[in-house]
Amino acid sequence: MPTLHDQARIGGQKLRPESLMMSYGYTPAWSEGAIKPPIFQTSTFVFNSAEEGKAFFELAYGLRQQGPDEEMGLIYSRLNNPSLEILEHRLCLWDGAEDAASFASGMAAISTTLLALLQPGDVVLHSEPVYGGSDFFLKNVLRKFGITAVGFRPHATPAEMEALAAALAPGSLAMIFVETPANPTNHLIDLEACGALARKYSTADKPVRLVVDNTFLGPVFQHPLKHGADVVLYSATKFLGGHSDLIAGAALASKPLMKEIKAMRTFMGTMCDPNTGWMLMRSLETLKLRMERAAHSAQIIADWLRAHPLVANTYYLTHLEHNPVQQDIYRRHCLSPGSMISFDIKGGEPEAFRFLNALRLIKLAVSLGGTESLAEHPATMTHSDISVPEQAEMGITAQMIRLSIGVEDPQDLMLDLSQAFEAVGMVKTRELELA
Ligand SMILES: *Cc1c(COP(=O)(O)O)cnc(C)c1O
């Protein structure tokens, strides 16, 4: 098989990720000419000789240096499996990463990475809000291991973040963990500023790592490694999987960092399974098509929502004209506004609920990034464990509705949204008549 480097090029010219998702990292000769890789549904791998088994283990356990062209041998599916290795090679292309690891879930990727890179006494500075599972892990699980999480508010300026870092015990800052755009407000965090802060507080024996959960725009529309991040994390359940039919996660970073993360994955057993890995490869073939189509529809729908008389506010990444700081971050980091829209319906929770209950084509469910459009109420669903005053500080309102736009026809989606607004409007008029 040509090397990965050669497979990604024609005449020295680098091919784009979407052109490589069908073939990269696999050769049909491995499986009777099958154009698609089979699912390597196996727990263990047969060694050609005892010597080969010994050599594989030496590498796996770090007993000797890896040769320049030496690949890790296949040993046991908790360590590595071809279905995952092909997937991981393909994942690297989107983010321009050196190496990747696939996981059983987004939370498996997040928890394994944080446990691999942190130790007792360390402090993690993190953006707020972050995904509920990450929030719990940072504040409750890490604490059991003597690791402290310190959150910073969405509108914290680089100077305010710097003051937070300066107030910590010297040498304790080990990680800046960021989710951008933030869920459900689409608030953006300046990765370049976070990267500069991480480097400023890094010392030779204590690097400060910038770790970014890139689930909302990645891997097509935002590439944090190019803006100073050390590790990129995904819930592959969302856009990467894209069909609401699997749970998976991924981590991407430099080879030395991935070595630490993969070692922790081996001992935690948090790897992806071969069948899910294969499903993800199938999803990757249409990743860009799906994300571009959904973002195109989302832009049309967001603009239409903004003009709707029953909408008080939209939270969408091309609706930032009144916020030059956010607009500047958007211009530097994002290649598209993506397909997540939040909006405030006029009224409060009752109006939001009537609207959600009236939707027909758009399904009332949490999660996001799938082919089908979904709607939910962050204040009482995904973000219900955040206290109301804290929700207010994060900009999460009782009348906020979050939409994940899928690949349906945007006119049909607006037809559905329109009739749901009408349902809210009708009930309102009737109430007024009774009053
Ligand atoms: C869904 C999600 C997660 C968790 O991923 P799972 O695959 O559900 O474990 C983490 N971060 C973000 C931003 C998410 O949306």
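See the structure printed just above.
Quick caveat: nothing in here was measured; it's all calculated off a predicted structure.

Rules used in this analysis
- Residues numbered from 1 in each chain as written.
- Predicted model: local features only at pLDDT ≥ 70, side-chain atom pairs only at ≥ 80, totals over all residues.
- Heavy atoms only, no water.
- Helix = DSSP H or I, 4+ residues; strand = E, 2+ residues; numbered from the N terminus.
- Buried < 20%, exposed > 50% of the residue type's maximum accessible area, 1.4 Å probe, protein only.
- Near = heavy atom within 4 Å.
- Polar contact = N/O pair within 3.5 Å; in protein donor to acceptor, adjacent residues only side chain to side chain.
- Areas by Shrake-Rupley, 256 points an atom, 1.4 Å probe, with all protein chains shown as cover.
- Core = buried A, V, L, I, M, F, W, Y, C linked by side-chain atoms within 4.5 Å.
- Domains from an automatic or database assignment.
- Contact = heavy atoms within 4.5 Å.
- Pairing = 2+ DSSP bridges.
- Axes fitted to C-alpha atoms, helices over the stretch in contact; angles between N-to-C directions.
- Left-handed = near helix turned anticlockwise from the far one by under 90°.
- Nonpolar A, V, L, I, M, F, W, Y, C, P; charged D, E, K, R; others polar.

Visitor: So what's going on with the environment of Pro309? Residues and values would help.
Guide: Inspection of the secondary structure assignment puts Pro309 in the loop between α11 (287-306) and β10 (311-315). With 162 residues separating them in the primary sequence, Pro309 and Ile147 have C-alpha atoms 48 Å apart.

Visitor: Tell me about unusual backbone geometry, residues and numbers included.
Guide: In this structure, the amide linkage connecting Thr180 to the following residue, Pro181, adopts the cis form with an omega of 0 degrees. Along the chain, Pro181 turns up in the loop between β6 (173-179) and α8 (191-200). Along the chain, Gly218 connects to Pro219 via a cis peptide bond; the corresponding omega equals -5 degrees. Among the secondary structure elements, Pro219 is positioned in the loop between β7 (209-213) and β8 (231-235). A positive phi is found at Glu32, a non-glycine position, where the angle reads about 55 degrees. As for its placement among the helices and strands, Glu32 is situated in the loop between α2 (17-20) and α3 (50-60). Its identity as a non-glycine residue notwithstanding, Ser367 has a phi of 80 degrees, on the positive side. Among the secondary structure elements, Ser367 is positioned in the loop between β12 (363-364) and β13 (374-376). Residue classification places Ser367 among the partly exposed positions, given a relative accessible area of 26%.

Visitor: A description of the site of the ligand should follow, citing residues and the corresponding values.
Guide: What surrounds the ligand is a group of 13 residues, the closest being Met107, Asp213, Ser235, Thr237 and Lys238. Within the backbone of Gly106, a nitrogen or oxygen atom sits 2.9 Å from an oxygen atom of the ligand. Here an oxygen atom of the ligand and a side-chain polar atom of Lys238 are 2.7 Å apart. For the ligand, whose unbound accessible area comes to 380 Å², protein coverage reaches 93%. Among the elements that take part in the shell around the ligand, helix α5 (residues 106-117) stands out by supplying 3 residues, more than any other.

Visitor: Give a description of the nonpolar core that names residues and reports values.
Guide: Of all hydrophobic cores here, the largest spans 36 residues; its most connected members are Leu91, Leu188, Leu240, Leu280, Leu284 and Leu287. Every element with two or more residues in this core is listed here: α4 (82-95), β8, β9 (249-253), α10 (274-285), α11 and α12 (324-333). Shared between two domains, this core holds at least three residues of each, these being domain 1 (17-22 + 77-284) and domain 2 (287-434). Discounting residues that sit within four places of it in the chain, Leu240 has contacts with Leu91, Pro219, Tyr234, Leu280, Ser283, Leu284, Leu287 and Arg290.

Visitor: Tell me what's going on with the sheet that holds β10, and back it up with residues and numbers.
Guide: If you walk across this open sheet you meet the 5 strands as β10-β11-β14-β13-β12, and the pairing is mixed. Bordering the open sheet on either side are β10 and β12, each of which pairs with just one other strand. Strands β10, β11 (340-345) and β14 (400-404) of the sheet are contacted by α11, whose axis makes an angle of about 10 degrees with β11. Strands in contact with helix α13 (residues 349-358) are β11, β12, β13 and β14; relative to β11, the strand with the most contacts, it is inclined by about 130 degrees.

Visitor: How would you explain the packing of α4 against α10 if you had to name every residue and give the values?
Guide: Running from N to C, α4 and α10 cross one another at 35 degrees; their axes reach a closest spacing of 9 Å. Between α4 and α10 the crossing geometry is left-handed. For the pair α4 and α10, contact is made by Ser83, Leu84, Ile86, Leu87, Arg90, Leu91 and Trp94 and by Pro274, Gly277, Leu280, Met281 and Leu284, respectively. Each residue belonging to the contact of α4 with α10 can be placed in one class, and the counts come to 9 nonpolar, 2 polar and 1 charged.

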